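As a plain string of letters, each chain reads:
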Amino acid sequence: MKKMSRNVLLQMEEEDDDDDGDIGDVPASRRPFLTPHTHLPSSLVLENLGQTIIPDLGSLESQHDFRTPEFEEFNGKSDSLFFNDGQRRIDFVLVYEDESRKETSKKGTNEKQRRKRQAYESNLICHGLQLEATRSVLDDKLVFVKVHAPWEVLCTYAEIMHIKLPLKPNDLKNRSSAFGTLNWFTKVLSVDESIIKPEQEFFTAPFEKNRMNDFYIVDRDAFFNPATRSRIVYFILSRVKYQLINNVSKFGINRLVNSGIYKAAFPLHDCKFRRQSEDPSCPNERYLLYREWAHPRSIYKKQPLDLIRKYYGEKIGIYFAWLGYYTQMLLLAAVVGVACFLYGYLNQDNCTWSKEVCHPDIGGKIIMCPQCDRLCPFWKLNITCESSKKLCIFDSFGTLVFAVFMGVWVTLFLEFWKRRQAELEYEWDTVELQQEEQARPEYEARCTHVVINEITQEEERIPFTAWGKCIRITLCASAVFFWILLIIASVIGIIVYRLSVFIVFSAKLPKNINGTDPIQKYLTPQTATSITASIISFIIIMILNTIYEKVAIMITNFELPRTQTDYENSLTMKMFLFQFVNYYSSCFYIAFFKGKFVGYPGDPVYWLGKYRNEECDPGGCLLELTTQLTIIMGGKAIWNNIQEVLLPWIMNLIGRFHRVSGSEKITPRWEQDYHLQPMGKLGLFYEYLEMIIQFGFVTLFVASFPLAPLLALVNNILEIRVDAWKLTTQFRRLVPEKAQDIGAWQPIMQGIAILAVVTNAMIIAFTSDMIPRLVYYWSFSVPPYGDHTSYTMEGYINNTLSIFKVADFKNKSKGNPYSELGNHTTCRYRDFRYPPGHPQEYKHNIYYWHVIAAKLAFIIVMEHIIYSVKFFISYAIPDVSKRTKSKIQREKYLTQKLLHENHLKDMTKNMGVIAERMIEAVDNNLRPKLE
């Protein structure tokens, strides 16, 4: 291996050929030094990552300053995770295509790429990493560069990155469960401890090299687990530079992969997922995860969260912990939702108003007014018989109970999740993560402006001034606002489609019910319009969603957040704001706008002066809202599963088909992993987004669809195992990342929970017919407004349908060509207005004002009751349990005792040695004089 004692960067005057943007570009003279709060040696190491040393390399053929990895032949051990010497563990793998064997005519470009890669690898070696290169077994153009971090490098960067490592085994006893009698049941659901052994708990502290003796180091090889080793190596790979052009430096493995200099960069899986490794020292964690977590036979078992965290890192672990907890809580909501649905289903035969709609002497004789101009006919009320029966299932007293319950349920879920999250923060050593998180390389590269820190009064560098930050925020907000307006425009387009196609369906579909044709009972113009519009809405949602994902990433990259957490939180807010409008806008329209501003037959309201506003069914828009929710939730679940399961499986299948000629050869672990699919930087982000959108459907509109929690529960049970199967079998191992919590998704869920109370109260008040029915039952069925001697629902349909005189039709609808139902002088429509001939004809009657007052009173009472219960629950349940607080306090005490007191003892001991030497020296000087 060729040696040198300094960094190497290519100094090239020719034009750069990278096409991956400007990440990592900054004038070398203005690059900031990264100054960690550590002692001098580590500080110098990290600062060296930001320094630029430029030797004069001369011609492109001069390579005397490069340190290159040694090439070794594959030793035939397919399960090996070590270099050929069997001692040094592979912490990361870089893959590139040998330019000398490429079948291309771009020799100049290939030479540039080779030089950049050689400079990068040389600098990796200069920073202490050890490299070994091996050619591919199946494709000799591919070269795999294996990266190993020695003990000294791991210790140095563990201190720089403030990684918490074990001090002493945890001596706090686990509290026994309060449900001891159910231990047999929980044992069945838990993972077998003889297969996956529980992780030993430790008290931890940020690592410091000069206090290494205070840490619990039994075996140096096991002190840093593979996930931590990979994280440290990735930290180095992301910050080492490789090129200088016109005093602008370029750095980082991400840029090299994006520009095609490297084909891939990833840590290794420890074994195959279907069988254990032949290496007896291999822990076989991937195999255990597949067997006890991802396999379909383990669908009923709890997740091995500690092993997930150990293998994939805290970020993946916290996602599956949250998803599992959310799924557990959905079980209670699903049970109550099914009970409310069964209540409505079993009592639908007792639904008096539905019987009146279906009765041939009541609904069969009520002639309804046309719902559009010119083409729409008069129609009999009993054509909506089947939809009214379905509506009785969802528009019942059970719906009200379920809406109140869900308002309390969502609060319980969020509060108990905070407690669970606090436990995981302590157990997984992420309590003080924000203090230890490093800035993103892309942010560091842009830090060119010097300012004075108000706290330390020292100089520090930032990427842009206050004015520049305002400009960036304004541009980003404008771009997000534009896309939201685009969604609103698409919603308006769907509304125009509804208005236009309803006329067509009204003209083409049969006007009379024929008992021999069951399709006619269900395929009404309203139903056909609702279903087709929902399907088109879903297609538009998915198309806009695909486009906006790329736009949101571009906006966030331009915004330039400081840390990875800040980046993800910023992207989360943009994506969710867009998705909220994209997915929920059509539901909000049906629930709160459709059929609310239609006027009456003699004076209808028109959209854009042309399209007559669409009306709800005589039973209201609740059933249509249920249909919309079912199509969007079901379609989204199917689409996501196709994307998550079929696409990576098909891609891997195609890859195996192309490699079938060399399938008889033994391939090493790194080559097997290379042919898996890359997860992508934001893979986990989309998993969160999918679940939060589902959370919104479950809470915001649950009053119209009590089976939504059941559908979500079934989907999530499958989602957990699908995601697990995907991670363990189809994708390369992700770079382990730290995460303290679920990030911006927590406040988003809290906002949805608050909004859900309002939306469900308004759905019951304005979308369903529950309030008008209650007003009729208690006020208008008996004198002085009604004729019945006792409270009853009889006559409700006749009382809530107003009368219109056909002669009062305006010109647009007077010339109605349909006369299949005979000549009529009057027709009925759904509203509360005085009949023709009344002094205030076609004005709202007293029933209307009673209903409005009752609706407003109901919203106020329901909101105040639920909000009071929510705030009481939030106050009564602490965010951190007493047991977790005790553990945190015990760890702080132990850290202070071990680190600070031991440090004082060392100082005292050293002072004693110095004092003894001074006394001895004085004694030696005085003794000759005395003699």
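Residues numbered from 1 in each chain as written. Predicted model: local features only at pLDDT ≥ 70, side-chain atom pairs only at ≥ 80, totals over all residues. Heavy atoms only, no water.

So, on to unusual backbone geometry. The step from proline 783 to proline 784 runs through a cis peptide bond, and the omega angle for that step is 10°. Mapped onto the fold, proline 784 is located in the loop between helix H25 (770–780) and helix H26 (796–800). One non-glycine residue with positive phi stands out, namely asparagine 284, at about 55°. Tracing the backbone through its elements, the reader meets asparagine 284 in the loop between strand S11 (264–266) and helix H8 (285–294). The class for asparagine 284 is buried, based on a relative accessible area of 8%. (Helix = DSSP H or I, 4+ residues; strand = E, 2+ residues; numbered from the N terminus. Buried < 20%, exposed > 50% of the residue type's maximum accessible area, 1.4 Å probe, protein only.)

What follows is about the confidence of the model for the protein chain. Overall, the prediction assigns the protein chain a mean pLDDT of 80, with 81% of residues at 70 or greater. The low-confidence segment residues 26–40 (pLDDT under 50) makes 44 contacts with residues lying over four places distant or belonging to another chain. In this model, residues 812–821 is a region of pLDDT below 50 whose contacts with residues beyond four sequence positions or in other chains number 25 contacts. (pLDDT = per-residue confidence, 0-100. Contact = heavy atoms within 4.5 Å.)

On to the environment of leucine 577, then. Structurally, leucine 577 is set in helix H19 (residues 564–592). Taking relative accessible area as the criterion, leucine 577 reaches 41% and is therefore assigned partly exposed. Separated by 171 residues in the primary sequence, leucine 577 and isoleucine 748 have C-alpha atoms spaced 9.7 Å apart. Leaving out residues up to four positions away in the same chain, leucine 577 has contacts with Val480 and Ile484.

Quick look at the sheet that holds strand S6 (residues 142–148) now. Strand order in this open sheet of five strands is S3-S5-S6-S4-S11, and the pairing throughout is mixed. Only two strands of the sheet have a single neighbouring strand rather than two, namely strand S3 (70–71) and S11. In terms of strand pairing, S3 meets strand S5 (residues 130–135) through two bridges, oriented parallel. Looking at S5, one finds that glutamate 70 is bridged to glutamate 132. Sheet strands touched by helix H6 (residues 226–237): strand S4 (92–97) and S6. Its angle to S4, the strand with the most contacts, is close to 45°. (Pairing = 2+ DSSP bridges. Axes fitted to C-alpha atoms, helices over the stretch in contact; angles between N-to-C directions.)

With that settled, consider the environment of valine 698. Its place among the elements puts valine 698 in helix H22 (residues 683–700). When its relative accessible area of 0% is taken as the criterion, valine 698 is described as buried. Along the chain, valine 698 and alanine 333 lie 365 residues apart, while their C-alpha atoms are 9.5 Å from each other. Setting aside chain neighbours within four positions, we find valine 698 in contact with Tyr326, Leu330, Met406, Ala708, Pro709 and Ala712.

With that settled, consider the packing of helix H10 (residues 314–346) against H22. Between H10 and H22, the least distance of the axes is 11 Å, while the angle of their chain directions is 20°. The orientation of H10 with respect to H22, classified from their angle, is roughly parallel. Where H10 crosses over H22, the two elements pack in a sense that is left-handed. Between H10 and H22, the residues in contact are Lys315, Ile316, Ile318, Tyr319, Trp322, Leu323, Tyr326 and Leu330 and Leu684, Glu687, Tyr688, Met691, Ile692, Gln694, Phe695 and Val698, respectively. Looking at the contact of H10 with H22, its residues break down into 13 nonpolar, one polar and two charged. (Parallel < 35°, antiparallel > 145°, perpendicular 65-115°, else oblique. Left-handed = near helix turned anticlockwise from the far one by under 90°. Nonpolar A, V, L, I, M, F, W, Y, C, P; charged D, E, K, R; others polar.)

With that settled, the discussion passes to the pattern of salt bridges. Tallied over the entire structure, the rule returns 29 salt bridges. Residue lysine 209 is joined to glutamate 152 by a salt bridge in which the shortest nitrogen-to-oxygen separation is 3.6 Å. Taken together, the residues span a long stretch of sequence, with lysine 209 in the loop between strand S8 (202–206) and helix H5 (220–223) and glutamate 152 in helix H3 (residues 151–160) at a distance of 57 residues. Look at glutamate 152 and you get partly exposed, because its relative accessible area is 47%. Between glutamate 292 and lysine 301 there is a salt bridge; the shortest N-O distance is 3.1 Å. Each member of the pair, glutamate 292 together with lysine 301, is buried. (Salt bridge = Lys/Arg side-chain N within 4 Å of Asp/Glu carboxyl O.)

It is worth spelling out the UniProt feature "transmembrane region" (unreviewed entry) in the protein chain at this point. Under the feature "transmembrane region" (unreviewed entry), the UniProt entry names residues 319–346, 397–417, 480–507, 527–548, 575–593, 691–714, 748–768 and 846–867. Annotated as 95% helix and 0% strand, the span residues 748–768 places its first and last C-alpha atoms 28 Å apart. (UniProt positions renumbered as here; feature names shortened; annotations may be inferred.)

Let us look at the environment of isoleucine 742. Mapped onto the elements of the fold, isoleucine 742 is located in the loop between helix H23 (708–730) and helix H24 (745–767). The sequence separation of isoleucine 742 and threonine 565 amounts to 177 residues, and the corresponding C-alpha distance is 9.9 Å. Leave out the neighbours within four places in its chain, and isoleucine 742 touches Ile318, Trp322, Trp417, Gln421, Tyr688 and Met749.

Here we take up the nonpolar core. By size, the foremost hydrophobic cluster in this structure holds 161 residues, and its most contacted members are Trp322 and Phe697. Per element, the largest residue contribution to this core is 15 residues, and it comes from H10. Of the domains in this structure, domain 1 (70–163 + 209–268) and domain 2 (302–659 + 667–737 + 745–772) are the two that each give at least three residues to this core. In this structure phenylalanine 697 touches Tyr583, Tyr584, Cys587, Leu629, Ile632, Met633 and Val702, once residues within four positions along its chain are discounted. Residues Val145, Leu154, Val233 and Leu256 belong to the second largest nonpolar core, which totals 46 residues. (Core = buried A, V, L, I, M, F, W, Y, C linked by side-chain atoms within 4.5 Å. Domains from an automatic or database assignment.)

Quick look at the state of the cysteines now. Two cysteines whose sulfur atoms are joined by a covalent bond form what is called a disulfide. Summed over all chains, the structure comprises three disulfides. Here cysteine 351 is linked by a disulfide to cysteine 392, with a sulfur-sulfur distance of 2.3 Å. Taking the sign of the torsion about the S-S bond as the criterion, the disulfide between cysteine 351 and cysteine 392, at about -70°, is left-handed. Remark: cysteine 392 occurs in helix H12 (residues 385–394) and cysteine 351 occurs in the loop between H10 and helix H11 (352–358); sequence separation between them is 41 residues. (Disulfide = S-S within 2.5 Å.)

A few words on the pairing of S6. Where burial is concerned, most of S6 is hidden: seven out of the seven residues are buried. Of the two faces of S6, the one carrying Leu142, Phe144, Lys146 and His148 and the one carrying Val143, Val145 and Val147 are both buried. Inspection of the sheet shows S4 paired to S6 by six bridges, in the antiparallel sense. Bridging from a neighbouring strand, valine 93 pairs with lysine 146 of S6. Of the strand pairs in this sheet, S5 and S6 are connected by six bridges, and their pairing is antiparallel. Paired with glutamate 132 across the two strands is lysine 146, which belongs to S6.

All right, on to the packing of H25 against helix H28 (residues 846–876) then. The angle between the axes and the distance between the axes are what describe a pair of packed helices. Look at H25 against H28: their axes get within 9 Å of each other, and the N-to-C directions meet at 120°. For the element pair H25 / H28, the angle class is oblique. Where H25 crosses over H28, the two elements pack in a sense that is right-handed. Residues Ile771, Pro772, Val775, Tyr776 and Phe780 of H25 form the contact with H28, whose participating residues are Ile846, Tyr847, His850, Val851, Ala854, Lys855 and Phe858. Class assignment of the residues belonging to the contact of H25 with H28 gives a composition of ten nonpolar, one polar and one charged.

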